[in-house]
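Listed below, chain by chain, are the residues.
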Amino acid sequence: MIKPQSKFTFRVFLFLTLTLLVSANNVFANEKKSQIENLVQKYNDYGKFTGSVLVSQSGKVIFKKSYGLANMEWNIPNSPDTKFRIASLTKQFTSMLIMQLVQDNKIKLDAKITAYIPDYRKDTGDKVTVHHLLTHTSGIPSYTSLPDFFSDISRDPYSVDDFTKKYCSGELEFEPGSTFRYNNSGYFLLGNIIEKVTGKTYQDVLQEKIFTPLGMKNSGFDNAKPLIKNRASGYTNSLDGYTNANYLDMSLPYAAGSVYSTVEDLYLWDQALYTEKLLNNKNKVIMFTPYLKNYSYGWGVKDIELTEPNHKIKSIAHSGGINGFQTLITRLPQDQHMIVQLNNTGGAALNEMTDAIIRILYGEAFDEPKKSIVSVLYKTIKEKGIDSAIRLYHDLKESKSNEYEFAEHHLNNMGYQLLEINKVVEAIEIMKLNTIEHPESGNAYDSLGEAYLVNDQKAQALKSYKKSLELEPDNKHAVTVIKEIESK
């Protein structure tokens, strides 16, 4: 038996121990918060992030902050309740609605499209299942891959049925279930199926089945007509500064990409996925099971390797991109961590930033952001010409400068930006530099070929496209262009 004095001493000891543990945890949490804040601030300072970030650790928010402007013309800052278009993050909500209907025995995953959209073309609709649509394995061509989609089609409103018939009913590109090819047409069709099965609009079902039950009061289906409080404007970060993003009619992304939300609402969504409030555990297992290319129903599932030997953590994530906006949500379910970034200037290094934040959460070393080489090269092009810019690139790289980032995609994007402002010769030289620096990249040669065509240099274009196809045999664009050039 413990004597009264001993009981008192033990209780004091236990109290002090718990106090020290709580205090230590708070110190570690504050240290991680400080590291994350410094990291994101650098991305903002380097022009690589504008928007909102929220990080939760073990289910609790440890960092939430916004950067830059929601509206640049009125100088209105972003805030945690700023509403951003979340683009393809919409797909996880669409997959949840489908799985809820599966749970209610109103949809079968192995049922064909024609079971729910009776007037869909039977030759393909009788082959493609709901499962195929959810996993990007349907073979139906993606409407966003049409050459004139962004330049022409994307500006006009369509009804769901009309758009389905005109742009989501193409010839199959492969046997359903045999190949993964990311596909917005598939998720557009899933939205149509939801409407046909429920007799309600996709927007109303989304509100009724997900947003209202979870208290996601700052989320909804975006379109231009209604006044939406705190809605961010989208911008493009061009060589000469920010410009307004091109117009896109939001009836077209639809169930593949038309939702808006906030970082705070997406935290509510993340937390609900650990419960059975929306879907029972049996069906959640189905929803999060990865198939081809580690894609499940509306989510990418993969293991992230940490520095510590044999330490892997499962990541369930999805990115999104739409005119003027770029988004990423990353869930680490075994520890209930979550990172969400909503950006309204496009072109942000969200994956890179997420990787660093994950390593901060797990107490590992992480890479600091670097400045893009693009701005200094463009300044040199304007002041001294393209030859001086190429020499500067080599000088900086040979000096092993740790200040700049020399990634392939930066040069590739710069080339296209130069084409947009009719600096064709400069674009060709930058894209040529990219193929020299990244000789194994089929995409770099594909882009160079495109620049040559703009300059009517067909022989050089043909050579570049053939090299691209040699490096990437599945490059359909290269195959098409080669045939067109050789037929003339």
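Since we're looking at a predicted model, the values are computed, not measured.

Undergrad: Got a minute to help me understand the side chain of Asp-249 in this structure?
TA: If you trace the backbone, Asp-249 turns up in the loop between β8 (241-244) and α8 (254-257). One buried charged side chain, Asp-249, makes no salt bridge at all; its nearest oppositely charged neighbour is Arg-85, positioned 8.9 Å away. Those residues in contact with Asp-249 that sit more than four places away from it in its chain are Ser-154, Arg-155, Asp-156 and Pro-157.

Undergrad: Would you mind showing me how to read the side chain of Thr-50 here?
TA: Looking at the element boundaries, Thr-50 is found in the loop between α1 (4-45) and β1 (51-57). We classify Thr-50 as buried; its relative accessible area is 7%. Each residue touching Thr-50, except ones within four places of it in the same chain, is listed here: Asn-44, Tyr-67, Gly-68, Leu-69, Asn-78, Tyr-242, Leu-342, Asn-343, Asn-344 and Thr-345.

Undergrad: Quick question: what am I supposed to make of the pattern of salt bridges here?
TA: Here the idea is simple: oppositely charged side chains can pair when their charged atoms come close. All told, the structure shown has 26 salt bridges when counted by the stated rule. Here Lys-65 and Glu-37 are joined by a salt bridge, their closest N and O atoms 2.7 Å apart. One end of the pair, Lys-65, is in strand β2 (residues 60-67); the other, Glu-37, is in helix α1, and 28 residues separate them in sequence. Judged by relative accessible area, Lys-65 falls into the partly exposed class, the value being 29%. Three or more residues are tied together by salt bridges with common partners; here these are Lys-48, Glu-352 and Glu-405.

Undergrad: Help me out: how do you make sense of unusual backbone geometry in this one?
TA: Glycine aside, the phi torsion of most residues is negative, and most peptide linkages are trans. The phi torsion at Ser-58 lies on the positive side, around 55 degrees, for a residue other than glycine. Within the secondary structure, Ser-58 is located in the loop between β1 and β2. Positive phi, normally seen in glycine, also occurs at Asn-230, with a value near 65 degrees. Here Asn-230 is to be found in the loop between β6 (220-221) and β7 (235-238).

Undergrad: What is the right way to look at the sheet that holds strand β10 (residues 300-305) in this model?
TA: One key point about sheets: their strands pair by backbone hydrogen bonds, in either a parallel or an antiparallel sense. Spatial strand order, β2-β1-β13-β12-β11-β10: 6 strands in an open sheet with antiparallel pairing. Looking at which strands have only one partner, the edges of the open sheet turn out to be β2 and β10. Here the strands of the sheet are splayed against their neighbours by 15 degrees on average, with no regard to which way each runs. With 6 bridges joining them, β1 and strand β13 (residues 337-343) adopt antiparallel strand pairing.

Undergrad: Any chance you could explain the packing of aromatic side chains here in plain terms?
TA: Each aromatic ring pair is described using two quantities: the centre-to-centre distance and the angle formed by the ring planes. This structure, assessed with the given rule, holds 20 aromatic pairs. Judged by centre distance (6.1 Å) and plane angle (70 degrees), the rings of Tyr-202 and Phe-221 are edge-to-face. Here the residue Tyr-202 occupies a position in helix α7 (residues 202-214), and Phe-221 occupies one in strand β6, the gap between them amounting to 19 residues. The same class applies to Tyr-202 and to Phe-221, which are both buried. An angle of 20 degrees between the planes, with centres 5.8 Å apart, marks the rings of Tyr-291 and Tyr-297 as stacked. Every member of this aromatic cluster is reached through a ring pair, and the members are Tyr-143, Phe-149, Phe-150, Tyr-158, Phe-163, Tyr-167, Phe-188, Tyr-202, Phe-221 and Tyr-254. Lys-91 extends its terminal NZ or CZ atom over the ring of Tyr-187, reaching a point 5.8 Å from the ring centre. We note Arg-331 situated over the ring of Trp-299; from NZ or CZ to the ring centre the distance is 6.0 Å.

Undergrad: Got a minute to help me understand the sheet that holds β6 in this structure?
TA: A sheet is described by the order of its strands in space; here 3 strands give the open sequence β5-β9-β6, paired in antiparallel fashion. Where the open sheet ends on each side, the last strands, each with one partner, are β5 (84-85) and β6. Pairing analysis gives 2 bridges linking β6 to strand β9 (residues 259-261), with the strands arranged antiparallel. Bridging across to β9, Phe-221 finds its partner in Val-259.

Undergrad: Is there a simple way to think about α7 in this case?
TA: Residues spaced three or four apart along an α-helix face the same direction, because each turn holds 3.6 residues. The end-to-end C-alpha separation of α7 is 17 Å, in line with the 18 Å expected for 13 residues at 1.5 Å each. By the largest-angle criterion, Glu-208 marks the main kink of α7, which is about 35 degrees. Among all positions in α7, only Tyr-202, Val-205, Leu-206, Ile-210, Phe-211 and Leu-214 are buried. Summarising the contacts, the buried residues of α7 are in contact with α2 (90-103), α6 (184-198), β6, α8, β9 and α9 (263-272).

Here is what the cut-offs are and how they apply
Residues numbered from 1 in each chain as written. Predicted model: local features only at pLDDT ≥ 70, side-chain atom pairs only at ≥ 80, totals over all residues. Heavy atoms only, no water. Helix = DSSP H or I, 4+ residues; strand = E, 2+ residues; numbered from the N terminus. Buried < 20%, exposed > 50% of the residue type's maximum accessible area, 1.4 Å probe, protein only. Lys, Arg positive; Asp, Glu negative; His and termini not counted. Salt bridge = Lys/Arg side-chain N within 4 Å of Asp/Glu carboxyl O. Contact = heavy atoms within 4.5 Å. Pairing = 2+ DSSP bridges. Axes fitted to C-alpha atoms, helices over the stretch in contact; angles between N-to-C directions. Phe/Tyr/Trp six-rings, centres within 6.5 Å; stacked < 30°, edge-to-face > 60°. Lys NZ or Arg CZ within 6 Å of the ring centre and 35° of its normal. Expected span 1.5 Å × (residues − 1). Bend = angle between axes of the 7 residues up to and from the residue.

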